Amino acid sequence: SDALLDAREIPDLQLDADLVVLSACDTGAGLDGSGGAALGGLVSTFTYAGARNLLVSNWEVDSTATELLMSAIFTSKAATQGEAVTDAERSFMSRSDAYSHPFYWAAFSIVGDSARALPKL
């Protein structure tokens, strides 16, 4: 392995994953680069490979804010994936700095069943 995961290799992964996080910019885009295409691009590829849920971004994201948001999601005491994302986003809303702006936290959504249990680290 060259340690680089090519999109053509994803379907062969045979995942058994409750949640795959694609936290880079615009990972929820369709094959044509447009957002909102149902199960397009990486989403459909990881679903085919066995991911039951995906956490994706729907536009360009800030690296520092994304790191903080992902940390908040995965240290959440919430029972479900959807509640963990909601709690983390609400914590950003209540901040008194620039990160309270929706640009920094609203890009992320769960594709799948947000009522599934949050995987524990």
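Now for a look at the structure at hand. Counting from 1, residues in each chain are numbered in the order their sequence is written. Where local features are concerned, this predicted model is filtered to residues with pLDDT of at least 70; where side-chain atom pairs are given and counted, the filter is 80 or more; whole-chain, interface and lining totals use all residues. Think of the side-chain values as coming from all heavy atoms in the structure, minus any hydrogens and water.

Quick notes on the sheet that holds strand β2 (residues 54–57)
Then, in step 1: Pairing between strands is defined by DSSP: at least two bridges between them are needed. Here a strand is any run of E in DSSP of at least two residues, a helix any run of H or I of at least four, and the numbering for each starts at the N terminus. Read across the sheet, 3 strands follow the order β1-β2-β3 without closing on themselves; strand pairing throughout is mixed. Sheet topology places β1 (20–22) and β3 (108–111) at the edges, where each strand pairs with a single neighbour. In this sheet, adjacent strand axes meet at a mean angle of 20 degrees when their direction is disregarded.
Then, in step 2: Across 4 bridges, β2 lies against β3 in antiparallel orientation. Paired with Ser57 across the two strands is Phe108, which belongs to β3.
Then, in step 3: Here a residue-residue contact requires only that any non-hydrogen atoms of the pair lie within 4.5 Å. The axes used here are C-alpha line fits, helices contributing only the stretch in contact, and every angle between their N-to-C directions lies in the interval 0 to 180 degrees. Here helix α1 (residues 41–49) sits on the sheet in contact with β1, β2 and β3, set at roughly 165 degrees to β2.

Overview of the nonpolar core
As a rule of thumb, nonpolar side chains are buried together in soluble globular proteins.
Then, in step 1: Think of a nonpolar core as a cluster: buried Ala, Val, Leu, Ile, Met, Phe, Trp, Tyr and Cys residues, connected wherever their side-chain atoms sit within 4.5 Å. Using a 1.4 Å probe on the protein chains alone, a residue whose accessible area is under 20% of its type maximum counts as buried, one over 50% counts as exposed, and one in between counts as partly exposed. Judged by nonpolar contacts, the single largest core of 17 residues is most densely connected at Leu55, Leu69, Met70, Ile73, Ala84, Phe92 and Phe108.
Then, in step 2: Breaking this core down by element, the ones donating at least two residues are α2 (63–74) and α3 (81–93).
Then, in step 3: Excluding its chain neighbours within four sequence positions, the residues that come into contact with Ile73 are Leu55, Ala84, Val85, Ala88 and Leu118.
Then, in step 4: Core analysis: the second largest hydrophobic core is formed by 10 residues, Ile10, Val20, Leu22 and Phe46 among them.

Looking at the pattern of salt bridges
Then, in step 1: The working definition used for a salt bridge is a side-chain nitrogen of Lys or Arg within 4 Å of a carboxyl oxygen of Asp or Glu. Taken as a whole and judged by the stated rule, the model has 5 salt bridges.
Then, in step 2: Salt-bridge contacts for Arg8 lead to Asp6; the nearest nitrogen and oxygen are separated by 3.1 Å.
Then, in step 3: Owing to a relative accessible area of 27%, Asp6 belongs among the partly exposed residues under this scheme.
Then, in step 4: Notably, a salt bridge pairs Arg116 with Asp18, separated by 2.7 Å at the nearest N-O pair. Linking Arg116 in the segment after β3 with Asp18 in the segment before β1, this pair joins segments that are 98 residues apart in sequence.
Then, in step 5: Overall, Arg116 belongs to the partly exposed group, its relative accessible area being 29%.

Some remarks on the packing of α2 against α3
Then, in step 1: Remark: α2 packs on α3, axes separated minimally by 8 Å, with the N-to-C direction vectors making an angle of 130 degrees. Here α2 lies oblique to α3, going by the angle between them. By crossing handedness, the relation of α2 to α3 is classed as right-handed. Contact residues: Ala65, Leu68, Leu69, Ala72 and Ile73 in α2; Ala84, Val85, Ala88, Glu89 and Phe92 in α3.
Then, in step 2: Each residue receives one of three labels: charged for Asp, Glu, Lys and Arg, nonpolar for Ala, Val, Leu, Ile, Met, Phe, Trp, Tyr, Cys and Pro, and polar for the others, Gly being one of them. Each residue belonging to the contact of α2 with α3 can be placed in one class, and the counts come to 9 nonpolar, no polar and 1 charged. If an angle is under 35 degrees, it is roughly parallel; if it is over 145, roughly antiparallel; if it lies from 65 to 115, roughly perpendicular; otherwise it is oblique. Handedness of a crossing is defined here by the sense of rotation of the near helix relative to the far one, left-handed for an anticlockwise turn of less than a right angle and right-handed for a clockwise turn.

Observations regarding the packing of aromatic side chains
Then, in step 1: Two aromatic rings, drawn from Phe, Tyr or Trp (for Trp, its six-membered ring), form a pair once their centres lie within 6.5 Å of each other, and the interplanar angle then sorts them: stacked below 30 degrees, edge-to-face above 60, tilted otherwise. Within the structure shown, the criterion is met by 3 aromatic pairs.
Then, in step 2: Note that Arg95 overlies the ring of Phe92, its terminal NZ or CZ placed 5.3 Å from the centroid. Any Lys NZ or Arg CZ found within 6 Å of a ring centre and within 35 degrees of that ring's normal is scored as a charge over the ring.

Thoughts on unusual backbone geometry
Then, in step 1: One non-glycine residue, Gln14, lies in the positive phi region at around 50 degrees.
Then, in step 2: Summarising the element assignment, Gln14 is placed in the segment before β1.
Then, in step 3: We note that Asp26 has phi near 55 degrees; this positive angle belongs to a residue other than glycine.
Then, in step 4: Among the structural elements, Asp26 can be located in the loop between β1 and α1.
Then, in step 5: Taking the relative accessible area as the measure of exposure, Asp26 reaches 29% and is therefore partly exposed.

By themselves these figures say nothing about function.
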